[in-house]
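Observations on the three-dimensional arrangement
So the chains spell out like this:
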Amino acid sequence: MATLQLPMKLKLSYGIADIGASLAYVTINIFFLKYLVDVVGLKPYLAGSAFLVGRAIDAITDPLMGTISDRFESRWGRRMPFIWAGIIPLGLSFALLWMLPAFENQLQLFALTCLLLSIHAIAYTIVQVPYLSLTPELAPDYSQRTVLSSFRAGFGTLASMIASAGPPLVVAMFAAQNELRGWEAMGILFGVIIALSYVVMALGVQSTEAFKRIPHKVPKQEKQIAWWQHYGSVFSAYGFSAIFVLFVVITVGFGVVSAILPFYLEHGFGLIGVQQTLPMAILFGMGIVSLLLWTFLSDRLGKRAAFALGIVLFSVALPLLVYLSPYGGLSPQLIGFSILAGMGLGAIILFPWAMLPDVTDFDELKSGQRREGLLYAFFTFGQKLAAAIGVFIVGLMLTVVGYIEGAPTQTAIAVNGIRLLIGIVAPLIFATALYFLWRYPITKQAHAALKQL
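Every chain's residues receive numbers from 1 upward, in the order its sequence appears when written. Local features in this predicted model are restricted to residues of pLDDT 70 or higher, and side-chain atom pairs are both shown and tallied only at a pLDDT of 80 or more, whereas totals for entire chains, interfaces and linings draw on every residue. Only hydrogens and water are set aside; all other atoms, that is, all heavy atoms of the structure, feed into the side-chain values.

1. Things to note about the overall build of the protein
Going along the chain from the N terminus, every DSSP run of H or I of four or more residues is numbered as a helix, and every run of E of two or more is numbered as a strand. From N to C terminus, the protein includes 17 helices and zero strands. The quantity called the radius of gyration is restricted to C-alpha atoms. Its globule counterpart is 2.2 Å times the number of residues to the power 0.38. Against the compact-globule benchmark of 22 Å for 453 residues, the protein has a radius of gyration of 21 Å, which places it among compact chains. Dimensions of the protein along its principal axes, counting C-alpha atoms only, are 65 × 45 × 40 Å. Burial statistics for the protein: of 453 residues in total, 60% are counted as buried. Between two residues, a contact is recorded if the distance between any of their heavy atoms is within 4.5 Å. By sequence separation, contacts in the protein at least 24 residues apart represent 84% of the contacts at least 6 residues apart. Shrake-Rupley sampling with a 1.4 Å probe provides the accessible areas, and residues are treated as covered by the protein chains on show and by no other component. In the form shown here, the protein has an accessible surface area of approximately 17500 Å², with 71% of it arising from carbon and sulfur atoms. The centroid of the 28 positive side-chain charges in the protein is displaced by 6 Å from the centroid of its 21 negative side-chain charges. Buried residues are those whose accessible area, probed at 1.4 Å on protein chains only, stays under 20% of the maximum for their type, while exposed residues exceed 50% and partly exposed ones sit between those limits. Under this rule, positive means Lys or Arg and negative means Asp or Glu; His and the chain ends count for nothing. To locate a charge, take NZ of a lysine, CZ of an arginine, CG of an aspartate or CD of a glutamate.

Put into structure tokens, the structure is as follows:
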């Protein structure tokens, strides 16, 4: 059977929204903890805890948004009305995160941080859950889902490179005598880009034939079931539990790496502010380049085998980067191991989202419903909660090792604790994910057989 080819306009239009999603997600996961601790002055354990509190609301809003978008009917489809409704709140709520005042009272600052993170989480859910749920609807074919996901991952990784390398540059340009003003300018600039990326995506996708072919009517259920049964049944979907747990473990590990990376580059290598731009750009830039390789390997080896190779590569590169790169700025070792880690990062970014659409097909066979929204909602919630857990682990570790907020020089114990997190703890978390990847049951052959039914 010939492979369905998706038009380039659809792939580019759909993928570009991940510029906004990744700018919001990655900038917060990499820099918000450091911003809270070193700029605003919140204690590390409170800053890490704020991430968990801010994500707690997602336990309600994510599956609720998925269910609503699955059952919604309109002339613009099930998903697009919510995307349009959330675009401005998403950009605005992101900008507000970087306008925190430097309160003397730690509890007041903690409470305000939790409130703003919660507002941003709701806006992100309203837009991102329906957007992600479009993947299996736009690309019914097993291989083309990887291609469509690779375009999204490509734009997302490009945005991740900007999110990891750009903030220090923007802050340096606008900070002058007040660093807080620099972070405010970054928040406003990125907030505008976040909103515009979804506008471009929505306009582009809505004009394609693939979008127009999506059924806008929701099949009526013969029997209504309780919401807890509806939500609980998601985990009985063929392959969902394995890919969900795998994704959570991977994201916890990457959350640790993301949050500790600015601290490590500063205190482990002596790279401050804009000096961190190049290694960050190399890491995520290599992630973009490697997507072509991972898409090729996925078609030859299958998604599971290619994903396992990427996890191993990233897990090996991290301790090499930490323990074999000399202190004192950029070095050939730092650049080389960053390239190696970036290649593994490409697989970690791509494959979970390329594998999930296949689960939706098996779920439809069993449940008789198209529940992309609900499955993607649980996946998105798992991603945000796992990333928050990763940041919490970093905040707790910084407190335990005696990290001093805003101090240019840290104790040897604090620096070694930072090294331990990125060089040992994170690779062990990634290695654990290999077990759950092995348990993932859906192969290219199994999916092809399903399509013949």
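2. Focus: a nonpolar patch on the surface
On the surface, Leu-92, Leu-96, Met-99, Ile-188, Val-192 and Leu-196 cluster together into a nonpolar patch covering about 520 Å² of accessible area. At the level of elements, α4 (80-97) and α8 (179-206) are the ones that each hand at least two residues to the nonpolar patch. Per element, the largest residue contribution to the nonpolar patch is three residues, and it comes from α8. By secondary structure assignment, the location of Leu-96 is in helix α4. For Leu-96, a relative accessible area of 36% translates into the label partly exposed. The patch calculation keeps residues exceeding 30% relative accessible area without a salt bridge and links them within 9 Å when they carry like charges or within 5 Å when they are nonpolar (Val, Leu, Ile, Met, Phe, Trp, Tyr). Each salt bridge in this description consists of a side-chain nitrogen of Lys or Arg and a carboxyl oxygen of Asp or Glu lying within 4 Å of one another.

3. A word on the packing of helix α3 (residues 58-71) against helix α5 (residues 106-133)
Here an angle of 0 to 180 degrees is reported between the N-to-C directions of two axes, which are lines fitted to C-alpha atoms, with helices fitted over the stretch in contact. Packing of α3 against α5 leaves a shortest axis separation of 9 Å and a crossing angle of 30°. As judged from the angle between their axes, α3 and α5 are roughly parallel. The hand of the α3/α5 crossing is right-handed. The residues of α5 that touch α3, namely those facing Asp-58, Thr-61, Asp-62, Met-65, Gly-66 and Ser-69, are Ala-121, Ile-122, Thr-125, Ile-126, Val-129 and Pro-130. Of the residues assigned to the contact of α3 with α5, the class counts are six nonpolar, four polar and two charged. Angular relationships are summarised with four words: roughly parallel below 35 degrees, roughly antiparallel beyond 145, roughly perpendicular across 65 to 115, and oblique for the angles in between. The sense of a crossing depends on the near helix, which, turned anticlockwise from the far helix by less than a right angle, makes the crossing left-handed and, turned clockwise, makes it right-handed. Residues are sorted three ways: Asp, Glu, Lys and Arg are charged, Ala, Val, Leu, Ile, Met, Phe, Trp, Tyr, Cys and Pro are nonpolar, and all the rest, Gly among them, are polar.

4. Some words on the side chain of Thr-380
Residue placement: Thr-380 occurs in helix α15 (residues 372-400). Ignoring sequence-local partners within four residues, the contact set of Thr-380 consists of Asp-62, Tyr-124, Val-129, Leu-132 and Trp-353.

5. Comments concerning the confidence of the model for the protein
One confidence number per residue, pLDDT, is output by the predictor and ranges from 0 to 100. Mean pLDDT over the protein works out to 85, with 90% of the residues at or above the 70 mark. Within the protein, α4 carries the highest mean pLDDT (95), whereas helix α17 (residues 444-451) carries the lowest (57).

6. Topic: helix α12 (residues 277-301)
What sets the pattern is the α-helix's 3.6 residues per turn: residues three or four places apart point alike. Between the first and last residue of a helix there are one fewer steps than residues, each counted as 1.5 Å, and that sum is the expected span. Helix length check: α12 (25 residues) gives 35 Å between terminal C-alpha atoms against 36 Å at 1.5 Å per residue, within 8%. In this scheme, the bend at a residue equals the angle between the axes fitted to the seven residues that finish there and the seven that begin there. Bending of α12 peaks at approximately 35° at the position of Ser-290. Remark: Gly-302 follows α12 within two positions and exhibits a positive phi of approximately 95°.

7. Examining the packing of helix α11 (residues 240-269) against helix α13 (residues 303-324)
Geometry of a packed helix pair, given as the angle between the helix axes and the separation of the axes. The interhelical angle for the contact between α11 and α13, taken along N-to-C directions, is 25°, at an axis separation of 12 Å. In terms of axis orientation, α11 runs roughly parallel to α13. Read as a crossing pair, α11 and α13 show a hand that is left-handed. Taking contact as the criterion, the partners of Leu-246, Ile-250, Phe-254, Val-257, Tyr-264 and Phe-269 in α11 are, on α13, Phe-307, Ile-311, Phe-314, Leu-318, Leu-321 and Val-322. The residue makeup of the contact of α11 with α13, split by class, is 12 nonpolar, no polar and no charged.

8. Quick look at empty space enclosed by the protein
The pocket and cavity definitions rest on a 1 Å grid over protein atoms only: a 1.4 Å probe that fits but cannot leave marks a cavity, an open set with protein on both sides within 12 Å along at least five of seven lines marks a pocket, and residues lining either have an atom within 4 Å of a point. Grid points are joined across faces, edges and corners, and a volume is the space filled by probe spheres set on the points. All chains considered together, the criterion is met by four cavities of 30 Å³ or more. Its volume calculated, the largest cavity comes out at about 350 Å³. Contributing to the lining of the largest cavity are 20 residues, with Ser-22, Tyr-25, Ile-349, Trp-353 and Gln-383 lying nearest its centre. With five residues, helix α1 (residues 8-40) is the largest single contributor of residues to the lining of the largest cavity. Classifying every residue of the lining of the largest cavity gives 12 nonpolar, six polar and two charged. Its volume calculated, the second largest cavity comes out at about 110 Å³.

9. Some details on the environment of Phe-190
Inspection of the secondary structure puts Phe-190 in helix α8. Each C-alpha atom, one on Phe-190 and one on Phe-94, is 8.0 Å from the other, the two residues being 96 residues apart in sequence.

10. Here we look at the side chain of Asp-38
With respect to the helices and strands, Asp-38 occurs in helix α1. Side-chain atoms alone can form a polar contact between residues adjacent in sequence; in general such a contact is a pair of N or O atoms within 3.5 Å, and within protein one must be able to donate a hydrogen while the other accepts it. At 2.9 Å, the side chain of Asp-38 forms a polar contact with the side chain of Tyr-403. In contact with Asp-38, not counting residues within four places along its chain, are Phe-263, Tyr-403, Ile-404, Glu-405 and Gly-406.

11. Re helix α2 (residues 44-56)
Over its 13 residues, α2 runs 19 Å from end to end, which matches the ideal 18 Å to within 8%, given 1.5 Å per residue. Listed as buried for α2 are Pro-44, Leu-46, Ala-47, Gly-48, Ser-49, Ala-50, Phe-51, Gly-54 and Arg-55. Taken together, the buried residues of α2 touch α1, α3, α5 and α15.

12. Observations concerning the pattern of salt bridges
Applying the stated criterion across every chain, the model contains 11 salt bridges. For Arg-152, the salt bridge goes to Asp-18, with nearest N and O atoms at 2.8 Å. Pair noted here: Arg-152 is in helix α7 (residues 142-175) and Asp-18 is in helix α1, with a separation of 134 residues, a long-range link. We note that Arg-152, like Asp-18, is buried. Taking the shortest distance from any N to any O, the salt bridge between Asp-299 and Arg-300 comes out at 3.0 Å. By sharing partners, the salt bridges in this structure join Asp-70, Arg-78, Arg-79 and Glu-137 into a single network.

13. Description of the packing of aromatic side chains
Stacked, edge-to-face and tilted labels apply to pairs of Phe, Tyr and Trp rings (six-membered ring for Trp) whose centres lie within 6.5 Å, assigned for plane angles under 30 degrees, over 60, and everything in between, in that order. Following the criterion strictly, the structure yields 21 aromatic pairs and no others. An angle of 90° between the planes, with centres 5.1 Å apart, marks the rings of Phe-314 and Phe-430 as edge-to-face. With Phe-314 in helix α13 and Phe-430 in helix α16 (residues 412-438), the pair connects residues that are 116 residues apart, well separated along the chain. The burial state of Phe-314 is the same as that of Phe-430; both residues are buried. The positively charged end of Lys-34 is found above the aromatic ring belonging to Phe-263, 5.5 Å away from the centroid. For a Lys NZ or an Arg CZ to count as sitting over a ring, it must be within 6 Å of the ring centre and within 35 degrees of the ring normal.

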